[in-house]
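# Structure assessment
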Amino acid sequence: GVLVALLLPAVQAARESARRTQCTNNLKQLSLGCHTYHDTHNALPFAYQQNISQLARLLPFIEQTALHDRVNYAVPFNDPANAFVMMANVPGFVCPSDPNMLPPGLGGTTNYYANMGTNIVNSAPSTVSGGVNFGMADQNGAFTASMAVRFADILDGTSNTALMSERTRGDGSNGISTLISDTFQPGTYPATPDQAMADCLAMNPADLSKQGFSNVGVPWLRPYHSTTAYFHVMTPNNRSCMFPPQRIATTANSRHPGGVIVGMADGGVRFVSRTINLATWRALGSRDGGEVVNAF
């Protein structure tokens, strides 16, 4: 019994190390797939184009051409014509450290999300006075809803800008509060990232009336803030919050001890500590903010 007690932590650590390595490889392949996509199309894919996620467009570049050929871009992700693709599980979209607690039948899941930047708009701001998010700053990440970002647009440098990161899959029920995975709804309407962070951290996650979205990470075909897109509003492994209409603070997180894995725009992959300075994390989220990225 003493021997087992001594060995068990070492065995668990070895298993997590192997899972973390696989997760790193998954993000590496997605990052390289983004580069190949860019070489082919002269830009990265839109985040929310045609109501189909950017992950679908990356399929041919991660050895999933057959599945990509079955995507019908003329209809939404949940149209019956896309049922086969929506239900498909792609091994390279899933981190092995994250157990799947979602109910079956919702579709294929993912842990890998596109960086939408440091602002809190979930869609391109309206150009009409009085419209949703009118006057707000647009998304400034490597992916956006309003433009297909080119590497030439990443003025901060591809080695200083996040491309994709992780998020844990949800519990599938608004009757359960799971701090690490749920998207909460504080009921406020913040105007700035700092206000969004304060409102999100101030709410009581045990209050089930604050549940916003629990089917996090499913289906990967859906372009949505809680299925395929994250924001650099709060540092890794913080909670995520939504502020309807169309304001959001989805946060990168994982079940890896201490932080998250991030695929950078230069194709590299980094492990980022949950204790990273907020200013540095936001600098990594912005493609053209002109910030100085300190060591991380």
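See the structure above.
Throughout, residues of each chain are indexed from 1 in the direction in which the sequence is written. Selection of residues for local features in this predicted model requires a pLDDT of at least 70, selection of side-chain atom pairs for listing and counting requires 80 or more, and totals for whole chains, interfaces and linings are taken over all residues. Side-chain descriptors were evaluated using all non-hydrogen atoms of the structure, hydrogens and water having been removed beforehand.

## Some points on the pairing of strand β9 (residues 269–273)
Basically, it comes down to this: Two strands are said to pair when DSSP picks up at least two bridges between them. Under the scheme used here, helices are H or I runs from DSSP no shorter than 4 residues and strands are E runs no shorter than 2 residues, and both carry numbers assigned from the N terminus.
With 5 bridges joining them, strand β8 (residues 259–264) and β9 adopt antiparallel strand pairing. Directly across from V262, in β9, lies its bridge partner R270. Between β8 and β9, which pair antiparallel in sequence order, lie 4 residues; one of them, G267, sits at a positive phi of approximately 95°.

## Structural notes on the sheet that holds strand β2 (residues 162–166)
Quick note on the threshold: In this description, contact between two residues means that some pair of their heavy atoms is separated by no more than 4.5 Å. All axes here are fitted lines through C-alpha atoms, helices being fitted over the stretch that makes contact, and every angle between N-to-C directions spans 0 to 180 degrees.
Read from one edge of the open sheet, 5 strands run β5-β1-β2-β8-β9, paired in mixed fashion. One side of each edge strand has no neighbouring strand; the edge strands of this open sheet are β5 (229–230) and β9. Where strand β1 (residues 112–115) meets β5, 2 bridges bridge the pair, whose relative direction is parallel. For N115, the partnering residue across the bridge sits in β5 and is Y230. Those strands touched by helix α6 (residues 278–285) are β1, β2, β5, β8 and β9, and its axis lies near 30° from that of β8.

## Side note on the packing of aromatic side chains
For clarity, the cut-off: Stacked, edge-to-face and tilted are the three classes for Phe, Tyr and Trp ring pairs, Trp counted by its six-membered ring, which pair at centre distances within 6.5 Å; planes under 30 degrees apart are stacked, over 60 edge-to-face, the rest tilted. Throughout this description, buried means an accessible area under 20% of the type-specific maximum (1.4 Å probe, protein chains only), exposed means over 50%, and partly exposed covers the range between. Distance and angle both matter: a charge sits over a ring if NZ of Lys or CZ of Arg is within 6 Å of the ring centre and within 35 degrees of the ring normal.
Summed over all chains, the structure comprises 3 aromatic pairs. With 5.5 Å between their ring centres and 80° between their planes, Y37 and F61 make a pair best called edge-to-face. Here Y37, found in helix α1 (residues 2–41), pairs with F61, found in the loop between α2 (54–58) and α3 (65–68); they are 24 residues apart in sequence, far enough to count as distant. By relative accessible area, Y37 is classed as buried at 10%. Assessed through its relative accessible area of 22%, F61 is described here as partly exposed. Between F213 and Y224, the aromatic rings sit 5.0 Å apart at their centres with planes inclined by 65°, giving edge-to-face as the arrangement. Of this pair, F213 sits in strand β4 (residues 211–213) while Y224 sits in the loop between β4 and β5, placing them 11 residues apart in sequence. Residue F213 is classed as buried on the basis of its relative accessible area of 15%. The exposure class of Y224 is buried, given its relative accessible area of 17%. A cation sits over an aromatic face here: R270 above F296, 4.0 Å from the ring centre.

## With respect to the environment of F143
Structurally, F143 is set in the loop between β1 and β2. A sequence separation of 92 residues divides F143 from T235, and the C-alpha atoms of the two residues are 19 Å apart. Discounting residues that sit within four places of it in the chain, F143 has contacts with C34, L44, P45, A47, Q54, A114, N115, M116, L163 and M164.

## Considering the pattern of salt bridges
We apply this condition: Note on definitions: salt bridges are taken to be side-chain nitrogens of Lys or Arg within 4 Å of carboxyl oxygens of Asp or Glu.
If you walk through the whole model with that rule in mind, you get 5 salt bridges. Note that R19 and E16 form a salt bridge whose closest N and O atoms lie 3.4 Å from each other. Pair noted here: R19 and E16 are both in helix α1, with a separation of 3 residues, about one helical turn. Linked through salt bridges whose partners overlap, the residues forming this network are D98, R169 and R255.

## Let's talk about helix α5 (residues 193–202)
Rule in force here: To be clear, the arc concerns the directions from the helix axis to the C-beta atoms.
If you check which residues of α5 are buried, you get A196, M197, D199 and C200. Around the axis of α5, the buried residues are gathered within 165° of arc, so they sit on the same side. Those residues of α5 that are buried are in contact with β6 (240–243) and α6.

## Points about the nonpolar core
Our working definition: Throughout, nonpolar core names a set of buried Ala, Val, Leu, Ile, Met, Phe, Trp, Tyr and Cys residues whose side chains join them through atoms within 4.5 Å.
Of all hydrophobic cores here, the largest spans 68 residues; its most connected members are F143, M164, W220 and W281. Residue contributions to this core peak at 5 residues, all from α1.

## Some details on the environment of S209
To be explicit about the condition: Whenever a nitrogen or oxygen atom comes within 3.5 Å of another N or O atom, the pair is scored as a polar contact, on the condition that within protein one atom can donate a hydrogen and the other can accept it, and that pairs from neighbouring residues in sequence are kept only if both atoms are in side chains.
Summarising the element assignment, S209 is placed in the loop between α5 and β4. Residue S209 is classed as exposed on the basis of its relative accessible area of 56%. C-alpha separation for the pair S209 and F184, spaced 25 residues apart in sequence, amounts to 9.1 Å. Engagement of the side chain of S209 in a polar contact is seen with the side chain of D207, the distance being 2.7 Å.

## Details of α6
Counting buried positions along α6 yields 6 of 8 residues, so the element is predominantly enclosed. Residues of α6 that are buried sit in contact with β1, β2, α5, β5, β8 and β9. The N-terminus of α6 is capped by N277, whose side-chain oxygen sits 2.8 Å from the backbone nitrogen of A279.

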